[in-house]
Amino acid sequence: MSKAIRAAIGYTLGNYLIKGLVFLTIPIFSRLLSTSDYGIYNTYLAYENIISFFISLAVFMSLKNAKYDFGEKYSSYVSSILVIQIVSFLGALLLATFGRNSIRNFTGMNYDVLVLLLIQSLGTGVLSVYNAHVGLSYSYKKYIQIAAFNSIGNIGISLILILSIFNDQRALGRIIGTVIPYFFIILYVWQYFFRQARPKISKFFWSYALIFSLPLIPHAISQVILNQFDRIMISQMVGISEAGIYSFAYNILAIIIVIMASVDNVWGPWFYQKMHDGDEKAIKKESSNYIIGMLFLCLVVLLISPELIKLLGPKSYWDSVYCVVPLVMAGYFTFLYTIPCQVEYYHRKTIFIALGTFLAAIINIVMNYIFITIYGYIAAAYTTFVAYVLYFIFHYLLAKHIEGRQLFDTKVIIQCSMILVIIGILAISLVQVLLIRYIILILVMACAYRWGKKYFTFGDLKKKWRRKK
């Protein structure tokens, strides 16, 4: 566990150093890009998040199981599944070439942007394989290095292009600046794995990967719909400028997503090991602490979100403050989903995973269509929250059905959820009342301190240190 904790801290600190650079540039890009440009760029990213799963075929999700099943042949397995992505990319490029006019009519993208979209989608799939691989050995330093290259390259190249060649097409400059680092990441990851094992087509490896991963594509696409499709719907139903304002609110949610993604890189392999060992007591205890710790983080973020919005963007983006609180609450239930879903992955019940996520996505689309029409783009934040609550509940009940018993503390989850909703309602009501919000914030931080002091007792670590000395 100590190794897992060190890795979790390493992932989190490294990600925050990287994301810190991104956050520092948010005020810059929000002033360089109009709300329309911001909307175009984020709508492009929404499409990329969907297309990347068709290119990658979600094969990276099979690595945890493959590591246990193939042993010494694991490196050959990884090289082989990278070839699947190459074939998938070439097929998508061919389809885009012949269907360019239809695609442009539907998405508004010209062929050049579509090719950039496919390259970035391939890069996302390749990078997902690399990150899943290094996560299995808690190699957070390798993860941080490539993530830092991607973020710094993305920011630097985008700024250069926007301020020079693409000064009149700033959204396009931002897109190209995002794609170029992915191109080099693709080359690096290929040589990293292909040097360990020669790439080849293996029917056995491909069948293993696709049987495990293909049912997860609807799940992954549905997840992206939950995360991204509201922006596409806002751009189509309300306007591209409103899509930009709504997308800006996701910058605050990113504070939570960074930690969630960092710790999940460690939680997944640790959970697999504890399931393998039959240590259900440790799973219940640590998952409860995990749930409580993330609750405190979400409460702090949603209470200070109005000030963060004003700090990060000009006045034209300030209306996004009314979207932030429900999105942060949705983010907490996104995190909660990652707890029971590991049971589904462990037992390879990927079809059920896809079904639950697909239903939640359909519910979200229907609610968006109804409530965006009535209440405008802000309604999308609330429909996203409701969809994620249902999303978590379904997977939580499904995990219990698969395992035959509940591995997690339901009482802790219900209590944390109720606290989140109550304080979330207060935060929404007190958007313009800083004093009361900050009194609540101080109380939350005091409770977090008391819990942290109790949980992070370093007695065991001190004993281990003395034994090593």
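None of these values were measured; they are calculated from a predicted model. (Residues numbered from 1 in each chain as written. Predicted model: local features only at pLDDT ≥ 70, side-chain atom pairs only at ≥ 80, totals over all residues. Heavy atoms only, no water.)

Asker: Can you help me understand the side chain of S288 in this one?
Answerer: Here S288 lies in helix α12 (residues 280–312). Discounting chain neighbours no more than four positions away, the residues touching S288 are D409 and V412. (Helix = DSSP H or I, 4+ residues; strand = E, 2+ residues; numbered from the N terminus. Contact = heavy atoms within 4.5 Å.)

Asker: Can you walk me through helix α3 (residues 63–70) in this structure?
Answerer: Since the α-helix turns once every 3.6 residues, residues separated by three or four places project in the same direction. Every buried residue belonging to α3 is among L63, K64, N65, A66 and F70, and all of these are buried. Where α3 ends, the next residue or the one after it, G71, has phi of about 55 degrees, a positive value. (Buried < 20%, exposed > 50% of the residue type's maximum accessible area, 1.4 Å probe, protein only.)

Asker: Would you explain the environment of I157 in this entry?
Answerer: Inspection of the secondary structure puts I157 in helix α7 (residues 140–163). Taking C-alpha positions, I157 is 8.7 Å from G173, a pair spaced 16 residues apart along the chain. The residues touching I157, leaving out its near neighbours within four places in the chain, are G177, I180 and P181.

Asker: What is the right way to look at the layout of surface pockets in this model?
Answerer: One simple way to see leftover space: roll a probe sized like a water molecule over the atoms. Its volume calculated, the second largest pocket comes out at about 450 Å³. Lining the second largest pocket are 19 residues; nearest its centre among them are Y47, I50, I51, F106 and T107. Going through the elements one at a time, α2 (35–56), α4 (74–98), α5 (100–107), α6 (111–136) and α10 (216–237) are the ones with two or more residues in the lining of the second largest pocket. Top contributing element to the lining of the second largest pocket by residue count: α2, with five residues. (1 Å grid on protein atoms, 1.4 Å probe; cavity = no way out; pocket = protein on both sides within 12 Å on 5 of 7 lines; lining within 4 Å. Points joined across faces, edges and corners; volume = space filled by probe spheres on them.)

Asker: Quick question: what am I supposed to make of unusual backbone geometry here?
Answerer: Outside of glycine, negative phi angles account for most residues, and trans bonds account for most peptide bonds. Unlike most non-glycine residues, L57 shows phi in positive territory, near 60 degrees. Considering the arrangement of structural elements, one finds L57 in the loop between α2 and α3. With a relative accessible area of 17%, L57 lands in the buried category. The backbone phi angle of A58 is positive, close to 60 degrees, even though this residue is not glycine. Within the fold, A58 resides in the loop between α2 and α3. With relative accessibility at 0%, the residue A58 sits in the buried group.

Asker: Would you explain the packing of helix α13 (residues 321–346) against helix α16 (residues 410–429) in this entry?
Answerer: Two numbers describe a pair of packed helices, the interaxial angle and the distance between the axes. Two elements in contact, α13 and α16, have axes whose closest approach is 9 Å; the angle formed by their N-to-C orientations is 170 degrees. Between α13 and α16, the angle is such that the two are roughly antiparallel. At the point where α13 passes α16, the crossing takes the right-handed sense. Seen from α13, the contacting residues are V325, P326, M329, Y332, F333 and L336; seen from α16, they are I413, C416, S417, L420, V421, G424, A427 and I428. Here the residues of the contact of α13 with α16 are counted per class, giving 12 nonpolar, two polar and no charged. (Axes fitted to C-alpha atoms, helices over the stretch in contact; angles between N-to-C directions. Parallel < 35°, antiparallel > 145°, perpendicular 65-115°, else oblique. Left-handed = near helix turned anticlockwise from the far one by under 90°. Nonpolar A, V, L, I, M, F, W, Y, C, P; charged D, E, K, R; others polar.)

Asker: Mind showing me how you'd approach the pattern of salt bridges here?
Answerer: Note that side chains of opposite charge can pair when their charged atoms are close. On inspection of all chains with the given rule, the structure shows four salt bridges. Residues K274 and D279 are paired through a salt bridge, measuring 3.8 Å at the closest nitrogen-oxygen approach. Its relative accessible area of 27% is what places D279 among the partly exposed residues. When the shortest N-O distance is used, the salt bridge between R405 and E403 registers 3.4 Å. Relative accessible area serves as the criterion here: at 14%, E403 is assigned to the buried category. Beyond isolated ion pairs, a larger network of salt bridges with shared partners links E280, E403 and R405. (Salt bridge = Lys/Arg side-chain N within 4 Å of Asp/Glu carboxyl O.)

Asker: Explain the packing of aromatic side chains to me, please; I cannot follow it from the model alone.
Answerer: Geometry of an aromatic ring pair is reported as the spacing of the ring centres plus the angle between the planes. Per the counting criterion, the structure on display carries 27 aromatic pairs. When the centroid spacing of 4.5 Å and the interplanar angle of 25 degrees are considered together, the rings of Y337 and Y391 count as stacked. Separated by 54 residues along the polypeptide, Y337 in helix α13 and Y391 in helix α15 (residues 379–403) bring together distant segments of the chain. Accessibility assignment for this pair places Y337 and Y391 in one class, buried. Through pairs of rings, three or more aromatic residues link up here, namely F271, Y290, Y332, F333, F335, F385, F392, Y396 and F408. For the cation-ring pair, K67 lies above Y74, with the distance from its terminal atom to the ring centre recorded as 4.6 Å. R100 extends its terminal NZ or CZ atom over the ring of Y111, reaching a point 4.1 Å from the ring centre. (Phe/Tyr/Trp six-rings, centres within 6.5 Å; stacked < 30°, edge-to-face > 60°. Lys NZ or Arg CZ within 6 Å of the ring centre and 35° of its normal.)

Asker: Where do I start with the nonpolar core in this structure?
Answerer: Soluble globular proteins: nonpolar side chains tend toward being buried together. One finds L302 and Y332 to be the most contacted residues of the largest nonpolar core, which totals 160 residues. Per-element tally for this core: the top contributor is helix α11 (residues 240–277), with 18 residues. Excluding residues within four positions of it along the chain, L302 makes contact with V325, V328, M329, L420, I423, G424 and A427. (Core = buried A, V, L, I, M, F, W, Y, C linked by side-chain atoms within 4.5 Å.)

Asker: What's the story with the packing of α6 against helix α8 (residues 170–194) in this structure? I'm lost.
Answerer: Where α6 meets α8, the closest approach of the two axes is 8 Å, and the angle between their N-to-C directions is 45 degrees. Of the possible angle classes, the one that applies to α6 and α8 is oblique. As α6 runs across α8, the sense of the crossing is left-handed. Counted by class, the contact of α6 with α8 contains 20 nonpolar, five polar and no charged residues.

Asker: Teacher, can you tell me more about the environment of L302 here?
Answerer: Topologically, L302 is positioned in helix α12. Once the C-alpha coordinates of L302 and V431 are considered, the two residues, 129 residues apart in sequence, prove to be 10.0 Å apart.

Asker: Looking at this model, I keep getting lost on the side chain of R174. Mind explaining?
Answerer: Tracing the backbone shows R174 in helix α8. For the buried R174, no salt bridge exists, and the shortest N-O distance to an oppositely charged side chain is 11 Å, to D37. For R174, the residues in contact, after removing those within four places along its chain, are F29, L33, Y41, N154, S158 and I162. (Lys, Arg positive; Asp, Glu negative; His and termini not counted.)

Just geometry here; none of it tells us what the structure is for.
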